[in-house]
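# Structural features, examined
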Amino acid sequence: MKQLFLIITLFFSAQSFAGNEPFGNITGEVIDEELQEPIPYATVIINDEEGNLISGNTSSADGSFSIEKIPAGKYTFQVQFIGYKTFSKVIDISSRNFDLNMGKIYLEPDVAMLDGVTVVAERTTIEQRVDRKVINVGKDLTTTGASASEIMNNIPSVNVDQNGNIALRGNSNVKILVDGRPTNIDPAQLLQQIPSTSIKSIELITNPSAKYNPEGMSGIINIILHKNANDGFNGNLNGGVTIGENTRYNGTLDMNYRKGKFNFYGNIGGQEGSRNNSGRIFLPEENYRQAFDIENRRSSLLYKVGVDFYLDDKNTFSFYTNQNHYDGGPLGSLRLIYPNNPELNLIQSLDLNFDNINATYNFAYDHKFDQEGHKILLEVDYNDFDEDENSTFDFSGNTNGLSAYRDHVKEKRENITANLDYENPLSERSTLEMGAEARLLDTDNAFSSTNPAFENSTYNYKRDIYSFYTTYGQNFEKWSYQLGARLENFKVNAIYNGEEVFTDDYFTVYPSGFLNYNPSEKNTYQLSYSRRVDRPGFGQVNPIREVSSPRLTISGNPELTPQFTNSLEFNYTRKFETKGSVGAGVFFRNINDEISQVFVEDPNDPGSILLSFDNLEDNNSYGLELSANYKFTKWWSTNSGFEVYSQKLKGLVGTDYLEIDNTAFTARSSHTFKASERLSFQLFGFYRGKSKNLQMDMEPMYFVNMGGRYSFWDNKASLSLNFNDVFDTQEFSFINGRPMPQEGWFKGETQTVYLGFTYRFGGGKNKALQRKQRDDNQAEGGGVF
């Protein structure tokens, strides 16, 4: 099913009742009549005999619903969901009949309504669930940019820098999933490849439960795409052009054909174009400047084909393959400029090309038992990554013996993941989940160079992880809780130039716990705890030189060990009937054996900096987040947020061990103005205050975006126009550089105009196999230069 619907918030009408009159409760489940599966987020409403709205709710993920404190009287009970016929029944609440269990309510698909239109809400809404915050993406958000990367700065707690690198709660140790699965594609590349119009919702899982892999200090960002498994032939076409200093093109085509027991689906997406980046750094003590002028070229093709086979109502087999072809890289120059001694000027020209194929093959088997919600899922995922990196470096000016050379890096990576997940609703209140997982990674890296100063080298990295998890939860009238633990055995082996340089084998327990309190339909309180781990990424342990410029070398540390995080957070959500909601949250993290960047003078090149990584002391961080999703009028609504984070940064910079207190805040506000049923406008503002890291102090930064969207052809098509960085202020500036005093700025190609077109076609309604949502990709601790 490919749908995104507007969840209607309901309110209690002001009526007077005698204090001794009873109040009733209504419970039940909403089920798809054809598929015999739960329907989440169906609208359940109670109207009085005059048709006035009295109360209501939406069904949960398992289709269940509950409406409490309904005054005595006769009412019309209705269940509605887009694409289905409305269920209606007259009910009577009285002292003899005050606790109504409606049982299973079967909704019949309404073929007349299913004309292939993906229903997308006009405005974005935010939900606080038991273990995550869900941002339901509306048209106001998809209008802001062509890709997922361009809309992420609109999401509370999320930041994307000028290079597309993403951070959650101010920390880059975050997992990126698509439909609950890792893609093994570079996150920055992945976010730029996914069209914003393909996104149904974005889940922020800042304190994941034990059923999730424990990697990632700041949590998980799960991007949920629109699903499409409709009868017959149907699909979605998206295209766009971004105009700035360069012109970039993007497009996607999603198609589906459902017939009988088989569902065939596929999509293809491409992106072509370049993006400029520039920077200037001034070193006052040495009286010279560094100038960076880079053109980042990108040509990518991402496609997916798959099939679901519905053997019967209880057994489903599924297979898909996801293929990503990428070709591109930076082309430009790095210049050393001496104003008073121009004869010392040096220019390094560089041309880096990354040509890779990332292939994923996935098989799943889903079996449902007779009891509703009782099921088991087997899933096997194989990923193969093959990349050739060819780099050319040339020098002019005061070369001081430097001559042109070429580097070649060959990387092959195989990743096998197998999961078995079991879920059993032990009773109406209790649910037990259990699962086992194996993750096997084998990476080979070979480096060769024509530069006689560099040695050819090979590096092999093997990592095996075996884990078992279980969670148990109960739901009561106002309280709910979930407890869980994940047991994990981790083994790693690293071989550099045929010699074992690192090995480790350990067993760890990762507990988690959630406690929810809902005193009313308007207020929700949540307390949660989890233990997490940040295992070193491949780039952090790989001793082969990663990046080189005239004054910088980056090299990994094979002896780097994981850092562990104990995370505690508290969240509060307040709903305002039909107007929206506000939320507040605080969190605290205790980090053991923190991975930090180390900046020292390169022993092989005096005057240059060597960037590496090391495990330092324990550390703490904490933060506060405020968010609002509010509809002021019928034509004006907002999504706004404010976040402040604080942490003591520790690390070795030059010969000095530094401890730096860093407190940073971010504010963002997105507004949608609805001019008519077809035309809407968006305005977005972003501000990031001063902040610090080990290498520098960052200056404040702000930018403003604005755009519009027009729908036509019975809402099947739309055009969007967006002007990004209106005042051309999205610039990264810094002062007080360390270990060498320096100041400067970096600027990407941010001031652009985007024109997008979307068209949806086809019809029908059915659901495809839903895989278990989990993660297993890695994030690198200690930050990125």
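As the structure is a prediction and not an experimental result, all values here were calculated from the model.

A count of helical and extended segments in the protein chain gives 4 helices and 44 strands. Sequence-distant contacts in the protein chain: of pairs separated by 6 or more residues, those separated by 24 or more amount to 67%. Summed over its atoms, the accessible surface of the protein chain is roughly 33200 Å², and 56% of this surface lies on carbon and sulfur atoms.

Let's shift gears to the pairing of strand β12 (residues 174–178). Every other side chain in a regular strand lies on the same face of the sheet, so the side chains alternate between the two faces. Where burial is concerned, most of β12 is hidden: 5 out of the 5 residues are buried. Residues V174, I176 and V178 of β12 are buried on one face, and the alternating residues K175 and L177, pointing to the opposite face, are buried as well. Of the pairings in the sheet, the one linking β12 to strand β14 (residues 219–225) comprises 5 bridges and is parallel in character. By the bridge assignment, K175 is partnered in β14 with I220.

Glancing now at the sheet that holds strand β4 (residues 64–71). Read from one edge of the open sheet, 3 strands run β4-β1-β7, paired in mixed fashion. The open sheet terminates on both sides in strands that have one partner only, identified here as β4 and β7 (99–107). Across the sheet, the mean angle from the axis of one strand to that of its neighbour is 20 degrees, orientation sign disregarded. Pairing between strand β1 (residues 23–32) and β4: 6 bridges, direction antiparallel. Counted as the bridge partner of F23 is P71 from β4.

Before going further, it helps to spend a moment on the nonpolar core. M152, V158, I166, I199, I202, L204 and I221 are the most contacted members of the largest nonpolar core, which has 21 residues in total. Secondary-structure elements contributing two or more residues to this core are α2 (148–151), β10 (158–160), β11 (166–168), β12, α3 (187–193), β13 (199–205) and β14. Beyond its immediate sequence surroundings of up to four residues, I202 is in contact with K133, V134, I135, V137, I151, M152, I155, I221 and N222. I46, Y75, I91 and M102 belong to the second largest nonpolar core, which has 20 residues in total.

A few words on the sheet that holds strand β5 (residues 73–80). Taken together, 4 strands build an open sheet; the order of strands is β3-β2-β5-β6 and the sheet is antiparallel. Of all strands in the sheet, those with a lone pairing partner are β3 (53–58) and β6 (87–93), marking the two edges. With direction set aside, neighbouring strand axes in the sheet form an average angle of 20 degrees. Pairing geometry for strand β2 (residues 43–47) and β5, over 5 bridges, is antiparallel. Along β5, the bridge assignment pairs I46 with F77.

Moving on, we come to the packing of aromatic side chains. All told, the structure shown has 40 aromatic pairs when counted by the stated rule. Aromatic side chains F684 and F703 sit 6.0 Å apart centroid to centroid with 50 degrees between the ring planes, which places their arrangement in the tilted category. Taken together, the residues F684 in strand β37 (residues 679–688) and F703 in strand β40 (residues 701–712) connect sequence positions 19 residues apart. Chaining the aromatic ring pairs together yields one cluster made of F576, Y630, F632, W635, W636 and F673. For K304, the ring lying beneath its charged end belongs to Y320, and the centroid distance is 4.2 Å. Sitting over the face of the ring of F385, R413 holds its NZ or CZ atom 4.3 Å from the ring centroid.

Another point: the environment of N639. Along the chain, N639 turns up in strand β35 (residues 636–653). With relative accessibility at 13%, the residue N639 sits in the buried group. Taking the C-alpha atoms as reference points, N639 and F684, separated by 45 residues in sequence, lie 9.3 Å from one another. Here N629 takes part through its side chain, which lies 2.5 Å from a polar atom of the side chain of N639.

Glancing now at the pairing of β14. Here β14 lies mainly inside the structure; 6 of its 7 residues are buried. When β13 meets β14, the two strands line up antiparallel, connected through 6 bridges. Across the sheet, residue I202 finds its bridge partner in β14, namely I223.

Another point: the environment of S733. When you line up the elements, S733 lands in strand β42 (residues 731–735). Taking the relative accessible area as the measure of exposure, S733 reaches 19% and is therefore buried. Between the C-alpha atom of S733 and that of E743, which follows or precedes it by 10 residues, the distance is 7.8 Å. Setting aside residues no more than four positions away along its own chain, S733 makes contact with D697, M698, E699, G744 and W745. Of the polar contacts made by the side chain of S733, one reaches the side chain of E731; its length is 3.1 Å.

Below, the discussion takes up the environment of Y496. By secondary structure assignment, the location of Y496 is in strand β25 (residues 479–496). If we skip the residues at most four places from it in the chain, Y496 touches S457, T458, Y459, V501, P543 and I544.

Attention now goes to unusual backbone geometry. Located in the positive-phi region is N715, a residue other than glycine, with phi close to 70 degrees. With respect to the element layout, N715 can be found in the loop between β40 and β41 (717–724). Overall, the relative accessible area of 34% leaves N715 in the partly exposed class. You will see that D728, though not glycine, has its phi angle at about 55 degrees, which is positive. Checked against the element boundaries, D728 lands in the loop between β41 and β42. On the basis of relative accessible area, D728 is assigned to the partly exposed category, the value being 40%.

Looking now at the pattern of salt bridges. If you walk through the whole model with that rule in mind, you get 22 salt bridges. Across the pair K412 and D386 runs a salt bridge, and its minimum N-O distance is 3.0 Å. Taken together, the positions of K412 in strand β22 (residues 405–424) and D386 in strand β21 (residues 375–397) put the pair 26 residues apart, joining distant regions of the chain. When its relative accessible area of 37% is taken as the criterion, K412 is described as partly exposed.

Okay, the confidence of the model for the protein chain next. Considering every residue of the protein chain, the mean pLDDT works out to 81; 83% of them sit at 70 or more. Across the protein chain, the element-wise mean pLDDT spans from 54 in helix α1 (residues 139–142) up to 94 in strand β23 (residues 430–449). The model gives residues 111–122 a pLDDT under 50, and that stretch makes 45 contacts with residues more than four places away or in other chains. In the predicted structure, residues 773–785 sits below a pLDDT of 50 and forms 73 contacts with residues beyond four places in sequence or in another chain.

Criteria and thresholds
Residues numbered from 1 in each chain as written. Predicted model: local features only at pLDDT ≥ 70, side-chain atom pairs only at ≥ 80, totals over all residues. Heavy atoms only, no water. Helix = DSSP H or I, 4+ residues; strand = E, 2+ residues; numbered from the N terminus. Contact = heavy atoms within 4.5 Å. Areas by Shrake-Rupley, 256 points an atom, 1.4 Å probe, with all protein chains shown as cover. Buried < 20%, exposed > 50% of the residue type's maximum accessible area, 1.4 Å probe, protein only. Pairing = 2+ DSSP bridges. Axes fitted to C-alpha atoms, helices over the stretch in contact; angles between N-to-C directions. Core = buried A, V, L, I, M, F, W, Y, C linked by side-chain atoms within 4.5 Å. Phe/Tyr/Trp six-rings, centres within 6.5 Å; stacked < 30°, edge-to-face > 60°. Lys NZ or Arg CZ within 6 Å of the ring centre and 35° of its normal. Polar contact = N/O pair within 3.5 Å; in protein donor to acceptor, adjacent residues only side chain to side chain. Salt bridge = Lys/Arg side-chain N within 4 Å of Asp/Glu carboxyl O. pLDDT = per-residue confidence, 0-100.

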